[in-house]
Amino acid sequence: MKAVNTNMDNNRKLLDKKDILIIVLIPALALGAYLLRGTSAEASFAVITLDGTAVDRISFGTEGKYAYPQIPGMVFTVREGAVSVTESDCGDRVCVRTGAVSHVGEAIICVPNRVAVTVEGGGDGPDVVLR
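Chemist: Would you take a moment to explain the pattern of salt bridges for this structure?
Modeler: Working definition: two side chains of opposite charge can pair if their charged atoms are close together. Scanning the entire structure with this criterion turns up one salt bridge. One salt bridge connects Asp51 with Arg114, and the closest N-O pair in it is separated by 2.7 Å. Of this pair, Asp51 sits in the loop between strand S1 (44-50) and strand S2 (53-59) while Arg114 sits in the loop between strand S6 (107-110) and strand S7 (115-121), and the two are 63 residues apart along the sequence. The exposure class assigned to Asp51 is partly exposed, which follows from its relative accessible area of 49%.

Chemist: Help me understand the pairing of strand S5 (residues 82-87) in this model?
Modeler: For a regular strand, side chains alternate in direction, first toward one face of the sheet and then toward the other. In this structure, strand S4 (residues 71-79) lies alongside S5, joined through five bridges in antiparallel fashion. When the sheet's bridge partners are listed, Phe76 is paired in S5 with Val85.

Chemist: What is the right way to look at the pairing of S4 in this model?
Modeler: As judged from the four bridges shared by strand S3 (residues 64-68) and S4, these two strands associate in the antiparallel manner. Across the sheet, the residue bridging to Gly64 is Val78, located in S4. Hairpin connection of S3 to S4: two residues between the antiparallel strands. If you look at the hairpin formed by S4 and S5, you'll find two residues sitting between the two strands, and Glu80 has a positive phi there, around 55°.

Thresholds, definitions, all that
Residues numbered from 1 in each chain as written. Predicted model: local features only at pLDDT ≥ 70, side-chain atom pairs only at ≥ 80, totals over all residues. Heavy atoms only, no water. Salt bridge = Lys/Arg side-chain N within 4 Å of Asp/Glu carboxyl O. Helix = DSSP H or I, 4+ residues; strand = E, 2+ residues; numbered from the N terminus. Buried < 20%, exposed > 50% of the residue type's maximum accessible area, 1.4 Å probe, protein only. Pairing = 2+ DSSP bridges.

Spelled out as structure tokens, the structure:
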């Protein structure tokens, strides 16, 4: 029969101070990089198109309400780094209920008026955003 050594290094700690520091530091750095990677409002802009033709390109740095004679009955609002359709004369008003969009790749579509509002800009954003 074999003798079992029951006095095996019972004083050894499972984690020391360096291990704990690494476990805390790596996720904190990853979270910080994730939060800082977003594009600024100055670098993003909204492109408003009618029948696939660009009507205007609005920087998110310029807040205000925008209306265009080519698109009667619709008002677009840029506020706090996002764009939204605040007024529309279409029947179902899905474009108004979509709310504000601010991330590159997001869009507001108004099918009855044949209008699309897409967010474009600097940075590495997603290719497409689905809601």
